[in-house]
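Chain by chain, the residues run as shown.
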Amino acid sequence: MRPTLDSDLLRTFVAIAEAGNFTRAAEQAGRTQSAVSMQMKKLEELVGDSLFERGSRGVALTRRGGELIVNARRIVALLDETAASMAAAPLGGPVRIGIPEEYGHAILSRALGAFSKRHPKVEVTVRYAHSWAQVAALAAGELDLAVVFEWQDLAGGEVLMHDPTVWVTSNLHHMHEEQPLPIALYNRAGWCKDFAIKSLEQRGLAYRVAYTSDTNGGLKLAVTSGLAIAPISRSNIPADCRELTAADGFGDIDASNVVMHRNPNASGEAIDGMQEAIREAFVNRQVQPAAS
């Protein structure tokens, strides 16, 4: 017979995996450490294998635990979404969102997925644009919520995460070893001149502009195809690429914060709900910590 996995056991398993420690997981769940240990012993008996390796700094997932954690997170998330959708009355009305392209898949898809299941009657409009354009649209009353990059002094709003922009190179093409450096930049001059180019000039690095693009996707393409290195947010570094660090003679380009602003004239439960969904998506993001 196949084992019947209790959702409460899976929830505790996920809590331990994310905390890296039985004690912290027990505190978060409001249980004793012995109760949590007993739950994991029962789950390991059901699975037929050990799920954690214990070390001096806490616990780490075994191979079997790594296989289970993916589905366990999905099950727990689905249970939470179902409970929330049953508890909340469906909302209706329009919500207009502005967000950087970088967070379209990793963040907004998560927020919209959870939100649309609870509130299928809400009409959502999304605008992908650079931060200055989003701020202008918010001020003009064209957006209800705007997620933007802020590089210097915070101008209000809610900080969702810290996501500095860094120089990124391909592990396959090693374009950072070329002289002068072939670089890819955004078409707009302000940010590139004040931050990206300035970071190279401060370090005395000779460069040539090999590629320009209006989108973050274009900069990623330049890096992965071996045309240039490019300024990309740390959370958006493509596969088979890496950040160029101080050891390579580089450093952070800016100290970006990702900030959510709300139109002061925008009101309604649908906007409230979407604001909370975006906030939760950033909190629960499974990405590591680009500029727009």
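All values derive from a computational prediction rather than experimental measurement.

1. Focus: the overall build of the protein chain
For step 1, the next point in the chain: For the protein chain, the helix and strand inventory stands at 9 helices and 12 strands.
For step 2, the next point in the chain: The buried share of the protein chain, taken over its 292 residues, is 43%.
For step 3, the next point in the chain: Total accessible area on the protein chain is roughly 15,100 Å²; 51% of this is exposed by carbon and sulfur atoms.
For step 4, the next point in the chain: Side chains of the protein chain give 29 positive and 34 negative charges; the mean places of these two sets differ by 4 Å.

2. Brief notes about the packing of aromatic side chains
For step 1, the next point in the chain: Inspection of every chain in the model, using the stated rule, returns 6 aromatic pairs.
For step 2, the next point in the chain: Taking the centre distance of 5.8 Å and the plane angle of 35° together, the rings of Y103 and F149 count as tilted. In this pair, Y103 sits in the loop between β3 (92-99) and α5 (104-118) while F149 sits in strand β5 (residues 145-150), placing the two residues 46 residues apart along the sequence.
For step 3, the next point in the chain: A residue is classified by how much of its surface remains accessible, and Y103, at 2% relative accessible area, is buried.
For step 4, the next point in the chain: Taken together, a centroid distance of 5.9 Å and an interplanar angle of 70° make the contact between Y186 and W191 edge-to-face.
For step 5, the next point in the chain: Following the ring pairs from residue to residue traces out a cluster consisting of F13, F22 and F52.

3. Here's the deal with the sheet that holds strand β11 (residues 241-243)
For step 1, the next point in the chain: Strand order in the open sheet formed by 3 strands is β10-β7-β11, and the pairing between neighbours is antiparallel. With partners counted over all chains shown, the strands left at the sheet margins are β10 (230-233) and β11, one partner each. The average undirected angle you get between the axes of adjacent strands in this sheet is 50°.
For step 2, the next point in the chain: With 3 bridges connecting them, strand β7 (residues 165-170) and β11 associate as antiparallel partners. Residue pairing for β11: T169 is matched across the bridge by R242.
For step 3, the next point in the chain: Along the sheet face, helix α7 (residues 189-202) touches β7 and β10 and points at about 60° away from the line of β7.
For step 4, the next point in the chain: Contacts from helix α8 (residues 216-224) reach β7, β10 and β11, with the element oriented near 125° to β10.

4. Some thoughts on the UniProt feature "domain: HTH lysR-type" (unreviewed entry) in the protein chain
For step 1, the next point in the chain: UniProt's entry tags residues 5-62 with the feature "domain: HTH lysR-type" (unreviewed entry), counted in the numbering of this structure.
For step 2, the next point in the chain: Taken end to end, residues 5-62 is 62% helix and 14% strand, and its two terminal C-alpha atoms sit 18 Å from one another.

5. Describing the nonpolar core
For step 1, the next point in the chain: Ranked by size, the top nonpolar core spans 26 residues in total, and within it W167, I183, L185, W191, I229 and F250 carry the most contacts.
For step 2, the next point in the chain: Counting residues per element, the ones that place at least two in this core are β7, β8 (181-186), α7, α8 and β10.
For step 3, the next point in the chain: If one sorts the elements of this core by residue count, α7 sits on top with 6 residues.
For step 4, the next point in the chain: Formed by 24 residues, the second largest nonpolar core is a distinct cluster that contains L160, M260, A270 and I278.

6. What to know about the layout of surface pockets
For step 1, the next point in the chain: In this structure, the largest pocket encloses a volume near 970 Å³.
For step 2, the next point in the chain: Taken together, 34 residues line the largest pocket, and the ones lying closest to its centre are R73, V76, A77, D80 and N284.
For step 3, the next point in the chain: Counting only elements with at least two residues in the lining of the largest pocket, the list comes to α1 (7-19), α2 (22-29), α4 (63-87), α5 and α9 (269-283).
For step 4, the next point in the chain: Broken down by element, the residue count for the lining of the largest pocket peaks at 9 residues, all from α4.

7. Let's talk about the environment of A111
For step 1, the next point in the chain: Inspection of the secondary structure assignment puts A111 in helix α5.
For step 2, the next point in the chain: Looking at A111, the relative accessible area reads 1%, which means it is buried.
For step 3, the next point in the chain: C-alpha separation for the pair A111 and R279, spaced 168 residues apart in sequence, amounts to 8.3 Å.
For step 4, the next point in the chain: In this view, A111 contacts A277, I278 and A281; residues no more than four positions away in its chain are not counted.

Reading the values: rules and limits
Residues numbered from 1 in each chain as written. Predicted model: local features only at pLDDT ≥ 70, side-chain atom pairs only at ≥ 80, totals over all residues. Heavy atoms only, no water. Helix = DSSP H or I, 4+ residues; strand = E, 2+ residues; numbered from the N terminus. Buried < 20%, exposed > 50% of the residue type's maximum accessible area, 1.4 Å probe, protein only. Areas by Shrake-Rupley, 256 points an atom, 1.4 Å probe, with all protein chains shown as cover. Lys, Arg positive; Asp, Glu negative; His and termini not counted. Charge placed at Lys NZ, Arg CZ, Asp CG, Glu CD. Phe/Tyr/Trp six-rings, centres within 6.5 Å; stacked < 30°, edge-to-face > 60°. Pairing = 2+ DSSP bridges. Axes fitted to C-alpha atoms, helices over the stretch in contact; angles between N-to-C directions. Contact = heavy atoms within 4.5 Å. UniProt positions renumbered as here; feature names shortened; annotations may be inferred. Core = buried A, V, L, I, M, F, W, Y, C linked by side-chain atoms within 4.5 Å. 1 Å grid on protein atoms, 1.4 Å probe; cavity = no way out; pocket = protein on both sides within 12 Å on 5 of 7 lines; lining within 4 Å. Points joined across faces, edges and corners; volume = space filled by probe spheres on them.

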